[in-house]
Amino acid sequence: MADPNISFLSLLLLLLPLALLFLLYLIVRPRPTKIPIKNRHVFITGGSSGIGLALAHQAALEGARVSILARSIDKLEKAKNCIQLSTGIDVAVFAADVRDYDAVSKAVEEAGPIDVLVVNQGVFVPEELEKQGLDEVRFMVDVNLIGSFNMIKAALPGMKDRKGRGPGSIALMSSQAGQVGIYGYTAYSASKFGLRGLAEALQQEVIAHDLHVSLIFPPDTDTPGLVEETKKRPPLTSIIAESSGAMKADEVAKKAFNGIKSASFIVPCNFEGLLLSIATAGLSPQRSFIMAFVEVVAAGVIRIAALGFSGIGIQVYTSGMHKTKGPEVLAALFGYLLVSECDRRWILAVNYSAQRTCWRRTSIFDYMIDEWSFRHREAETTLEIISLNFEFRLSILSR
Ligand SMILES: NC(=O)C1=CN([C@@H]2O[C@H](COP(=O)(O)OP(=O)(O)OC[C@H]3O[C@@H](n4cnc5c(N)ncnc54)[C@H](OP(=O)(O)O)[C@@H]3O)[C@@H](O)[C@H]2O)C=CC1
Ligand SMILES: CCCCCCCCCCCCCCCC(=O)[C@@H](N)CO
């Protein structure tokens, strides 16, 4: 016969998650909302290229009235023709620089009241801060952050005044570099982290008007912008960024659009993005109690993986391993599979950049990094990588 204590325990184990789920069901507000797209006015900045263009396509296909805004009228006309050709739908184009508030207001006025605003324009010039000119820093902050303020400020009165038109949306295109600071992205990350503060505060100011804010966090995405960026991106930046994979603009647009339609506040685009979103949920709104449940339950484990990610990073390899034994052990025990691929990238990345910039490495590391970097480069199958990482950890732990 079963031990009554054991069956009581298993009952408790079953009931606890259910109780948590119920609690979250009570707390999480507002409930999921559907933002309609058909016959509504979708306004997309940076809609003449890359992710913005893919979004404009999609909105047109779903029957929206679409407006796009960017600086170059040539690129706008090309985008207009391209959408016209593939969907038969006519989009309105507005040539304006988001840094110019008057120009943006004029465009918004001409375009008419907006139901779904996608603030997507963005510029990225990666470089170590020490080398980067302040003009470039200012450029990124101005276009990515201040430009977004200009756009939202111009559109908001019309959006609030849309009585009886159902829920609306303000979506902001951030980046995974807006969830975690990345080497080479001091200015870019700062501009994208800025969007988060803007979005969280704005959501509180507009929820009473049934306006829902979404923040989208894409990884590297195959766009004309990325092609330009990778020409001058520091190798270390590339290697770290690539640890989150790369997506097609269409795929990102699809994820973004689904996130907007379901009024999700945080919209990740791939699996690493989901991990990052859980790791950085913070005090942001969450409209799905199921996702809230995942966040609460996964928080601890993901924190361990995050410590693995940052701990196995540059500081470790450049300043000595002794400080990181704690997280190493934990990561080895729990976060193992999650950080496995990250390890591989880091090992390659650190070796690569150390060779180029003559970073000081501790003596044992010189040897270790070279050896592990070599072996990682040779590894091909996932299993090989995993077992290599396992050996790598053991060799650290047994030192
Ligand atoms: N591609 C990627 O790897 C990733 C991109 N992102 C973000 O997604 C967004 C779109 O990126 P992506 O599609 O790659 O970019 P692209 O460079 O391909 O397109 C950028 C768009 O923004 C417009 N734009 C740029 N500056 C201004 C300005 N000052 N005023 C008005 N419009 C402007 C451009 O048109 P014009 O030049 O004519 O003004 C163009 O339409 C950006 O916010 C970016 O940070 C996030 C993560 C990854
Ligand atoms: C909890 C553990 C998580 C582990 C995964 C971490 C992966 C971090 C990678 C971040 C990649 C950032 C790419 C930015 C792309 C971008 O915005 C530029 N192309 C400019 O547009």
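The chain is annotated in an unreviewed UniProt entry as 3-dehydrosphinganine reductase from Rubus argutus. The Sequence similarities (unreviewed entry) field of the UniProt record for the chain holds the comment "Belongs to the short-chain dehydrogenases/reductases (SDR) family." Note on the chain: under the UniProt heading Catalytic activity (unreviewed entry), the record states "sphinganine + NADP(+) = 3-oxosphinganine + NADPH + H(+)".

Peer 1: Quick rundown of unusual backbone geometry? Include the residues and the values.
Peer 2: A negative phi holds for most residues other than glycine; trans holds for most peptide bonds. Even without being a glycine, aspartate 210 presents a positive backbone phi close to 60 degrees. Residue position: aspartate 210 is located in the loop between helix H6 (186-206) and strand S6 (211-217). We classify aspartate 210 as partly exposed; its relative accessible area is 34%. Backbone geometry at alanine 263 places phi at a positive 55 degrees, although glycine is not the residue there.

Peer 1: Outline the side chain of asparagine 120, listing residues and values.
Peer 2: Mapped onto the elements, asparagine 120 comes out in the loop between strand S4 (116-119) and helix H5 (134-160). A relative accessible area of 10% means that asparagine 120 is categorised as buried. Here the side chain of asparagine 120 touches glycine 46 through a polar contact of 3.2 Å, landing on its backbone oxygen. Other than its neighbours up to four places away in sequence, asparagine 120 contacts Ile44, Thr45, Gly46, Ile51, Gly52 and Met173.

Peer 1: Please give an account of the pattern of salt bridges that cites residues and values.
Peer 2: A full pass over the atoms with the stated rule returns 13 salt bridges. Residue aspartate 90 pairs with lysine 80 through a salt bridge whose shortest N-O separation is 3.1 Å. Taken together, the positions of aspartate 90 in the loop between helix H3 (73-87) and strand S3 (92-95) and lysine 80 in helix H3 put the pair 10 residues apart, joining distant regions of the chain. One salt bridge connects aspartate 115 with arginine 162, and the closest N-O pair in it is separated by 3.2 Å. A residue pair is termed long-range when its members are at least 10 positions apart, and aspartate 115 in the loop between helix H4 (101-111) and S4 and arginine 162 in the loop between H5 and strand S5 (168-173) qualify at 47 residues. Like aspartate 115, the residue arginine 162 is buried in the burial classification. What emerges from the salt-bridge pattern is a single network uniting Arg40, Asp115, Arg162 and Arg165.

Scoring rules and cut-offs
Residues numbered from 1 in each chain as written. Chains lettered and ligands numbered in written order. Predicted model: local features only at pLDDT ≥ 70, side-chain atom pairs only at ≥ 80, totals over all residues. Heavy atoms only, no water. UniProt positions renumbered as here; feature names shortened; annotations may be inferred. Helix = DSSP H or I, 4+ residues; strand = E, 2+ residues; numbered from the N terminus. Buried < 20%, exposed > 50% of the residue type's maximum accessible area, 1.4 Å probe, protein only. Polar contact = N/O pair within 3.5 Å; in protein donor to acceptor, adjacent residues only side chain to side chain. Contact = heavy atoms within 4.5 Å. Salt bridge = Lys/Arg side-chain N within 4 Å of Asp/Glu carboxyl O.

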